[in-house]
Structure formats: structure tokens, C-alpha cells
Amino acid sequence: MDPLMLLFLLIAGRTGADSVSTVGWVTVQRGGSVTIPCFYDERYKAHVKSWCKGSYWKPCTPLVHTDSRQEGNVSIRDDPDQRVFTVTMNNLTAGDSGWYSCFVNISGASDVGDRVYLSVTEGVSTLRQVSVQRGGTVTIPCFYDVGYKTHMKYWCRGNKSDSCTPIVDTDSPQEGKVSVRDNPDQRVFTVTINNLTAGDSDKYWCRVKISGGSDVEGRVNLSVTDGPPGLSVDKQEVTGLEGDSVSVLCRYGNNRHRMWCKIGGSCASERSGSLDGRPVLIRDDRVNRVFSVTVRGLERKDTGWYWCDNGYLQIPVDITVKQGGDNEKLSSLVQLVLYVGLGLLVLLLVIIIITWKVWDKHKKNVAGGQNVGRTARKDGRSFGRSDLRRCMKTLFRSWVLTSQLHKVSSCGRFFFAEGDSSRLNPDPEYAVIDRTGISEGDPPGQTSMEPGADVTYSSIVLPEVSSGCSSHCPAVNPASDVVYSSVTLKHREGAATEALLYMWGAAAQDERDTQILQ
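All chains use their own residue numbering, which begins from 1 and follows the written sequence. Residue-level local features of this predicted model are given only where pLDDT is at least 70; pairs of side-chain atoms are given and counted only at 80 or more, and the full residue set underlies all totals for whole chains, interfaces and linings. Excluded from the side-chain calculation are hydrogens and water; included are all heavy atoms of the structure.

Points about the overall build of the protein chain
Applied cut-off: For the purposes of this entry, the term helix denotes a DSSP run of H or I that reaches at least four residues, the term strand denotes a run of E that reaches at least two, and both are numbered from the N terminus. Contact criterion: two residues are considered in contact whenever any of their non-hydrogen atoms come within 4.5 Å of each other. Each accessible area value is a Shrake-Rupley result obtained with a 1.4 Å probe; residue values ignore everything except the protein chains displayed when judging cover.
Counting its secondary structure elements, the protein chain contains six helices and 34 strands. For the protein chain, the proportion of contacts with a sequence separation of at least 24, taken over those separated by at least 6, is 62%. On the protein chain, roughly 27,400 Å² of surface is accessible, and the fraction owed to carbon and sulfur atoms is 51%.

Here we look at the sheet that holds strand 1 (residues 20-21)
Short version of the rule: Pairs of strands are assigned from DSSP output, requiring at least two bridges between the strands.
Spatial strand order, 1-3-8-7-6: five strands in an open sheet with antiparallel pairing. Pairing within the sheet leaves two strands with one partner each, and these edge strands are strand 1 and strand 6 (70-71). Sheet topology places strand 3 (residues 34-40) next to strand 8 (residues 84-89); six bridges connect them, and they run antiparallel. For Thr35, the partnering residue across the bridge sits in strand 8 and is Thr88.

Considering unusual backbone geometry
Which entries qualify depends on this criterion: Exposure classes here rest on a 1.4 Å probe applied to the protein chains alone. A residue is buried below 20% of its type maximum, exposed above 50%, and partly exposed in between.
Of note in the backbone geometry, Arg83 takes a positive phi value of approximately 55 degrees without being a glycine. Inspection of the secondary structure assignment puts Arg83 in the loop between strand 7 (74-79) and strand 8. Arg83 gets classed as partly exposed once you look at its relative accessible area, which sits at 23%.

A short note on the state of the cysteines
Selection criterion: Any cysteine sulfur atom paired with another within 2.5 Å is treated as part of a disulfide.
The final tally for this structure, using the stated rule, is five disulfides. Residue pairing for Cys156: its cysteine sulfur links by disulfide to Cys164, the two sulfurs lying 1.9 Å apart. In this structure the cystine formed by Cys156 and Cys164 twists about its S-S bond by roughly -70 degrees; its chirality is therefore left-handed. In this pair, the class of Cys156 matches that of Cys164, namely buried.

Considering the pairing of strand 4 (residues 49-53)
With four of five residues buried, strand 4 lies mostly within the body of the structure. In this sheet, strand 9 (residues 98-104) lies alongside strand 4 in antiparallel orientation, the contact comprising five bridges. Following the sheet pairing, Trp51 is matched in strand 9 by Cys102. Note: strand 4 against strand 5 (residues 62-65), three bridges, orientation antiparallel. Looking across to strand 5, one finds that Ser50 is bridged to His65.

Describing the environment of Leu275
Along the polypeptide, Leu275 turns up in strand 26 (residues 274-275). On the basis of relative accessible area, Leu275 is assigned to the buried category, the value being 7%. The spacing of Leu275 and Thr35 is 240 residues in sequence and 9.6 Å in space, taken between C-alpha atoms. If sequence neighbours within four positions are ignored, Leu275 has contacts with Trp260, Cys261, Lys262, Ser266, Cys267, Ala268, Val280 and Tyr306.

With respect to the sheet that holds strand 27 (residues 278-285)
Pairing is antiparallel across the open sheet formed by five strands, whose spatial order is 21-23-28-27-26. Both edges of this open sheet fall to strand 21 (231-233) and strand 26, since each of them pairs with a single strand only.

Comments concerning the side chain of Ser131
The condition is simple: Any pair of nitrogen or oxygen atoms within 3.5 Å is treated as a polar contact; in protein, a donor-acceptor pairing is required on top of that, and neighbouring residues in sequence qualify only through side-chain atoms on both sides.
Relative to the elements of secondary structure, Ser131 occurs in strand 12 (residues 129-133). Classification of Ser131 as buried rests on a relative accessible area of 5%. At a separation of 3.3 Å, a polar atom in the side chain of Ser131 contacts the side chain of Ser223. Ignoring sequence-local partners within four residues, the contact set of Ser131 consists of Ser223, Thr225, Pro229, Gly230, Leu231 and Leu313.

As for the packing of aromatic side chains
Condition: Centre distance within 6.5 Å is the pairing criterion for rings of Phe, Tyr and Trp, where only the six-membered ring of Trp is used; planes under 30 degrees apart are then read as stacked, over 60 as edge-to-face, and the remainder as tilted. Put simply, a charge is over a ring when the Lys NZ or the Arg CZ is close to the ring centre, within 6 Å, and near the line of the ring normal, within 35 degrees.
In the structure shown here, the tally under the stated rule is seven aromatic pairs. Ring plane angle 10 degrees and centroid distance 5.2 Å describe the contact between Trp51 and Tyr100, whose orientation is recorded as stacked. Within this pair, whereas Trp51 is found in strand 4, its partner Tyr100 is found in strand 9, the two being separated by 49 residues in sequence. As far as the burial class goes, Trp51 and Tyr100 line up, both buried. Between Trp155 and Tyr204 the ring centres are 5.0 Å apart and the planes differ by 10 degrees, which places this aromatic pair in the stacked class. Taken together, the residues Trp155 in strand 14 (residues 153-157) and Tyr204 in strand 19 (residues 202-208) connect sequence positions 49 residues apart. Of the two residues examined, Trp155 and Tyr204, each falls in the buried class. Over the face of the ring belonging to Trp99 we find Arg115, whose NZ or CZ atom lies 3.5 Å from the ring centre. In this structure, Arg128 packs its charged tip against the face of Tyr117, placed 5.6 Å from the ring centre.

Here's the deal with the confidence of the model for the protein chain
Short version of the rule: A residue's pLDDT is the predictor's confidence in that residue, given on a scale from 0 to 100.
In the predicted model, the protein chain carries a mean pLDDT of 74, and 65% of its residues have values of at least 70. Confidence over residues 373-378 falls short of pLDDT 50; this stretch has 22 contacts with residues more than four positions distant or in other chains.

Examining a nonpolar patch on the surface
Note the following rule: To count toward a patch, a residue needs a relative accessible area over 30% and no salt bridge; like charges are then connected within 9 Å, while nonpolar side chains (Val, Leu, Ile, Met, Phe, Trp, Tyr) are connected within 5 Å. For salt bridges, the criterion is a side-chain nitrogen of Lys or Arg within 4 Å of an Asp or Glu carboxyl oxygen.
A grouping of Leu342, Leu345, Val346, Leu348, Val350, Ile352, Ile354 and Val358 is seen on the molecular surface, where their side chains present a nonpolar patch of about 740 Å² in accessible area. With respect to the helices, strands and loops of the structure, Leu348 is situated in helix 3 (residues 326-370). Take Leu348: its relative accessible area is 48%, and that puts it in the partly exposed class.

Describing the pattern of salt bridges
Proximity of charged atoms lets side chains of opposite charge pair with each other. One pass over the full model with this rule turns up 15 salt bridges. Residues Arg258 and Asp284 are paired through a salt bridge, measuring 2.6 Å at the closest nitrogen-oxygen approach. One end of the pair, Arg258, is in the loop between strand 23 (246-252) and strand 24 (259-262); the other, Asp284, is in strand 27, with 26 residues separating them in the sequence.

Some words on the environment of Leu249
Of note, Leu249 is situated in strand 23. Setting aside residues no more than four positions away along its own chain, Leu249 makes contact with Ser232, Val233, Asp234, Val290, Phe291 and Ser292.

Right, here's the structure in full:
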């Protein structure tokens, strides 16, 4: 067994150690500061408390005591309500490393107290003693000075640093079940060992390679147990959001005082209520041997490595604080508003495009409706409603079914220009003129009809067409096989007010047909 461990266990068994307790070991980088808590029983509230370098049961000169609260870079402060006094040491150097004691002065009797080992490192620091159950996994942090950000870091095994065996380094970060990862921003590299066995128990070294000089290092003792270790946590990595809280459960196996510490900072216990000015709630369940740590109102500066301490063993915990909480909710709300706004903009654009298409189609339909009955002439002018009226007059003056019918046929052609006859009347009423209902010599609009009939029907076949037509309808001699049919005369309000000529067909169209429009 390690001589230091044996000595610590002997000290822990003393009555004084039960009355006054503190952390077992603290590591701080050179130039840093540390605050160490010392807890005492209710009966010692009014007593003078002291801090000295060395072992309290041996004669040692107090560096500072509650009757003289400041001495150089060391100060002391007593809080009787919480039954704890704290010692703060600033601007630490390598010469400050060693054993220290916090104790209560007992008049006429032996002082009671406890001791802590302070390690001030030149370049690399880590934990002192870690215990893990067989088959488990552990991650150990190794901290280094800012000047070593770009240096190679490595992990080696052995009793002495100068003869240890390198296992893995940041240039080759994986070797079997051991891996290493460097985080220059936080100036820490972490070593993870999986599937631990009893054979992994040993002394290990966190080292930084120094070209042309001695490597800097920090030592940690790793023990692998068959049963539950003396100190453990459920998770070594915990993540929280700004403004929220995180909790860590530390399980212990002895009845010494439990504390929660921040690496490179201070420690807090169930009585403290804060750690480095940050609120922390610690509850110790002595029946189940679990103490829970809750850090509330998380801030980004709370990110870092902490450890649970039972007076001898430490187990590290990495807390990461991410931007979130109220800020994340606000960010999510902003994103939702942006998405909804973008969706509405797209919808509005689609509506505008559809409306424009419908309006454009409507204008074309209106323009097309205004051109019903129009067709192009060879002189470049269009047939219009005046042309329709002239042809209608010609129709009635030509006396249907007479030799003048070619005038009707030529005027009727204007309904068939460019095959657009279907646009004249989308819902036509068909009629065929009955020749028996027409008397020669009847004036237009006074054609005799069968009683009760609104229309007169006829089918017309032209064997020949005589010449002679008005100036609006020039004569033409159509082919003998041309059949004209379906002439409609519709009477409204008792009079022939409108005549629509529909579906004048031609079986053949040649150069003579084109002369109709000249």
C-alpha cells in the first residue's frame, strides 16, 4: 500500500479528524489561487480556528488564525452559522506545495483538526486518487499551462515519470482501449480508458513533451476494484442549458466528509451553499450514502471540470453549459416567426401569380368576345358588326331560295373565316327553312309561316348560282358539289330582330372562294 495512503487512513481514524474535516488533496497551477473549506462540530463554534503548514498534531506555527485573519497571501474567514471556516491562498508557487492542517484550538487539551495536501504544479495538474469498478470506464482530465497549447501531450504508465512507458499521445490518439483528446481552448487533455481490469491498477502520468528540455507532468493513482469503489458518479459528463440547473449524484463508501470541488478552484460542502460565488445545493443522504450536487442558474462560465471528494478519493465530472434556456426559447420563437413569415410570403406570391394568370385569361376572353363575327379581309381590314348588318339586309332582300342565293352564301362565308364558326354561338338553336312557308314577293320580316311556328326550316342544294350581287357580296360560281345547309331565322318578341347564320360548310375551298372577301 502507498505510504501516503496508509498515513492518511491512520489520520482519518483519529477523533480529531471526525470533529474537523476537509478535502484530502487539492491541485492548483502555479500563479493560481485556492480556497479550502474546513468543517467543524457544533461545539467548536466559539473556538479559535487556525491554518498551518504541516501536521496539526505536531508543533506547527499557524500561518493565519481567526484572531488574525490576514497574513501575506493567506487569509481565513469563519462562518459559525454554517460551521465552516475557509482558507484562501493566492499567487501560489511551487514552494507552496505540501501538507497543510486546519484545526481548532482547544485550551488545556489537544487541538483537533484535519489535513490536506496542496499540489502546485509548474505545467500539468490532474487528480490524485481515482477508483473505478472492474469492467467500467473512466475519463481523467490533465490540465496544462497556456504556453503548452501546441505541444504534444501523452499518457504513460509507471512508478517514475522519467521511466514510464508511453501508451497514447495526441499525435496518435487511439491505442487499444485507451484514447486521448486535446482541448486547447480549455487547456486540458483527457484520457479515457475502457473495459478496465485489475491489471490496469497503477500509477499514471499526464505529460507534455518539451523539445530540448524536461517534460512537465502530473501523476494520478488509478485503482480498479472488484466491487463498488469508494467513490463514484453515475455520469462523468453532464450537459446543461444557460439559466437551467444540472445535478450530479456522488456515491461514497465511507463516512468521512463529502465535498464538491472545481478543479483549479475551491470546494463546497452541504453547509456551504456556494462554490466560487456560484449557488450550489448539496444534500447528503447518509443512509444510502449518496450526496447530490445541484448547480442552479447555470452560466457559460460554469463550464469546466469538477470532482466529488470523500476526503481521499476523487472522481472527475465534466459540466458543459450550452446556450439555451430563455435564450433558446426566444431563438426558437424567432425561427418560428421567420418560417411562418416565409410561408405566408410564398403563399402570397402563388396567389398573385394565379390571379395574374386568371386576369390575363379573362382579358383575352373579353378581347376574343369583342372579335366575334370578325374576320380578316385581303385589304387588311376586318369584318365587323356593320358588315354583319349589311349582309343581313342582303339576306332578306335576296329572297331565300331564289337565284340570288349566292349573295347569301357569300355573306355567310364571313361566319366561317379561319374555321372559327364555333365561337359564334356556343349554344346554337338549329333550324332548317321550309320552303313551303315562303311566298314569293313577301317583304323581309313578313314571311308567312305555319301557324304557331317560330321558325321556318329548309335544306338547300345549289345546282347553279346566277351572277349578280350587291357591292358588298360579289358574284361567285361555286362548285356544283357544294351543299349549303342549316340556315336559322330566329324571331324574338314577335319580329325577326336578329338572324344568325351558322355552319355554312364548304366541301372544297379554292381560289374562287377567296374572292368572296375581296
